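Close look at the chain arrangement
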Amino acid sequence: FPGAATFVPDTLDLDDLAMSARECRGCDLWEPAEHVVFGAGSAGARMMLVGEQPGDQEDRRAAPFVGPAGILLNRALAQADIDREVTYVTNAVKHFKFTRGSGPRRIHQKPLRSEVTACHPWLQAELRAVDPEVVVLLGATAAQALMGPSFRIGASRGEILALGDAKAVATVHPSAVLRTDDAERDAAFDGLVADLRVAAGLLT
Ligand code: URA
Ligand code: SF4
């Protein structure tokens with residue numbers, strides 16, 4: 001893939017970046033998707049949260065983390081005493097990758113590493129524009145996009161990581177909590193909340 005670099009304007013204005021992302025053809029994921037889903041939230045946010053890619057609902061509504069994973073994330077943020085309104089929420093990949101099943105439902109497909117790499121210039125531009133103190137990496141795709149391909153959530157979740165001038169904390173993806181068996185789901189949710197608390201504790 002050619003990558004997003006030539007589509008990213010030289011600006012720190014998030015609205016200009018989001019507008020330009022609508023024209024991105026840096027990989028093939030733009031074509032079947034309905035919308036680009038750029039990050040959303042406060043330009044002055046001290047905490048940035050990074051997911052994998054938009055899901056079905058996010059693609060329809062052109063907003064990050066508004067579907068089932070977003071509802072669970074909101075609950076976890078609230079329990080960790082983090083106000084989502086003062087964060088900036090985005091994804092490693094800005095277009096929804098899916099396959100069609102037999103019905104109307106579109107089935108999420110994990111992005112290739114080459115697609116994550118193609119989209120990386122948008123994430124870098126968001127990091128420059130928001131300049132957060134703390135970055136929360138939700139799941140392996142986000143964590144590996146920013147910490148490198150050998151990063152393992154299982155081994156390093158909840159640790160305080162360095163990411164340029166910022167600190168970072170990696171944790172499980174909210175969708176992984178949703179997929180956890182009933183018997184284990186509360187514990188998985190509590191683990192997400194605990195890692196979010198670590199991140200909140202890093203805010204100065
Ligand atoms: N999963 C993600 O990683 N991001 C979203 O925006 C929604 C679901
Ligand atoms: Fe561009 Fe990223 Fe969409 Fe690919 S996924 S077209 S790189 S915005």
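As a reminder, the structure under discussion sits directly above these lines.
Throughout what follows, the structure given in this document is the object of discussion. Since this is a predicted model, take the numbers as computed values, not measurements. (Residues numbered from 1 in each chain as written. Chains lettered and ligands numbered in written order. Predicted model: local features only at pLDDT ≥ 70, side-chain atom pairs only at ≥ 80, totals over all residues. Heavy atoms only, no water.)

**Some thoughts on the overall build of the protein chain**
Applicable threshold: Working definition: helices are DSSP H or I runs of at least four residues, strands are E runs of at least two. Numbering for both runs from the N terminus. It is over C-alpha atoms that the radius of gyration is taken, and the globule rule equals 2.2 Å times the number of residues to the power 0.38. Note on classification: 1.4 Å probe, protein chains only; a residue is buried when its accessible area is under 20% of the maximum for its type, exposed when over 50%, partly exposed between these limits. In this analysis, two residues are considered to be in contact whenever any of their non-hydrogen atoms come within 4.5 Å of each other.
For the protein chain, the count of helices and strands is 8 helices and 8 strands. Radius of gyration (C-alpha) of the protein chain: 16 Å, near the 17 Å computed for a compact globule of 204 residues. For the C-alpha atoms alone, the extent of the protein chain along its principal axes is close to 45 × 40 × 30 Å. In the protein chain, which comprises 204 residues, the proportion classed as buried is 49%. Expressed as a percentage of contacts within the protein chain between residues at least 6 apart in sequence, the contacts between residues at least 24 apart total 73%.

**What to know about the pairing of strand S2 (residues 47–51)**
Threshold: Two strands form a pair only when DSSP identifies at least two bridges running between them.
Taking burial as the measure, the 5 residues of S2 include 5 buried ones, the bulk of the element. Of the two faces of S2, the one lined by Met47, Leu49 and Gly51 and the one lined by Met48 and Val50 are each fully buried. With 5 bridges connecting them, S2 and strand S3 (residues 87–91) associate as parallel partners. Looking across to S3, one finds that Gly51 is bridged to Asn91. Sheet topology note: the S2/strand S6 (residues 134–138) ladder contains 4 bridges and is parallel. Paired with Met48 across the bridge in S6 is Val135.

**Topic: the packing of helix H1 (residues 14–21) against helix H4 (residues 113–130)**
For the record, the criterion: Here, axes are lines fitted to C-alpha atoms. For helices the fit covers the stretch in contact, and angles between N-to-C directions go from 0 to 180 degrees. Orientation labels follow simple angle bins: below 35 degrees gives roughly parallel, above 145 gives roughly antiparallel, 65 to 115 gives roughly perpendicular, and whatever is left gives oblique. Residues are grouped as follows: nonpolar covers Ala, Val, Leu, Ile, Met, Phe, Trp, Tyr, Cys and Pro; charged covers Asp, Glu, Lys and Arg; every other residue, Gly included, is treated as polar.
Where H1 contacts H4, the axes come no closer than 10 Å and their chain directions differ by 170 degrees. Compared by their axis directions, H1 and H4 come out roughly antiparallel. Facing H1, whose interface residues are Leu14, Leu17, Ser20 and Ala21, H4 presents Trp122, Ala125, Ala129 and Val130. Each residue belonging to the contact of H1 with H4 can be placed in one class, and the counts come to 7 nonpolar, 1 polar and no charged.

**Observations concerning the site of ligand 2**
Just so we agree on the cut-off: The rule for a residue being near a molecule or strand is that one of its heavy atoms must lie within 4 Å of it.
Residues in contact with ligand 2, as listed here, are Cys24, Gly26, Cys27, Trp30, Val93, Lys94, His95, Ala118, Cys119 and Trp122. Along the lines of polarity and charge, the residues of the shell around ligand 2 split into 7 nonpolar, 2 polar and 1 charged.

**Here's the deal with the site of ligand 1**
For the record, the criterion: Polar contact criterion, stated in full: a pair of N or O atoms within 3.5 Å, where within protein one must be able to donate a hydrogen and the other to accept it, and residues adjacent in sequence count only if both atoms are side-chain atoms. With residues, only the protein chains shown are counted as cover, and all accessible areas are computed by Shrake-Rupley using a 1.4 Å probe.
Around ligand 1 sit Gly51, Glu52, Gln53, Pro54, Gly55, Glu58, Pro64, Phe65, Ala69, Asn91 and His173, and that is every residue in its neighbourhood. Asn91 places a polar side-chain atom, nitrogen or oxygen, 2.7 Å from a nitrogen atom of ligand 1. Within the contact set of ligand 1, an oxygen atom lies 2.6 Å away from a side-chain nitrogen or oxygen of His173. Taking 230 Å² as the accessible area of ligand 1 by itself, protein coverage stands at 93%. Here the residues of the shell around ligand 1 are counted per class, giving 4 nonpolar, 5 polar and 2 charged.

**Focus: the nonpolar core**
We count it as follows: Side-chain atoms within 4.5 Å link the members of a nonpolar core, which is a set of buried Ala, Val, Leu, Ile, Met, Phe, Trp, Tyr and Cys residues.
Counting 61 residues, the largest nonpolar core has Leu17, Leu49, Trp122, Val135, Leu137, Leu192 and Leu196 as its most contacted members. If one sorts the elements of this core by residue count, H4 sits on top with 9 residues. Beyond its immediate stretch of four places on either side in the chain, Leu192 contacts Leu72, Ala76, Leu138, Arg157, Thr171, Val172, Pro174 and Val177.

**Remarks on the pattern of salt bridges**
Operational definition: For this analysis, a salt bridge means a side-chain nitrogen from Lys or Arg found within 4 Å of a carboxyl oxygen belonging to Asp or Glu.
A complete count under the given rule lists 9 salt bridges for this structure. Between Asp56 and Arg106 there is a salt bridge, and its shortest N-O distance comes to 2.9 Å. Taken as a pair, Asp56 in helix H2 (residues 56–61) and Arg106 in strand S5 (residues 106–108) lie far apart in primary sequence, 50 residues in all. By relative accessible area, which is 6% here, Arg106 ends up buried.

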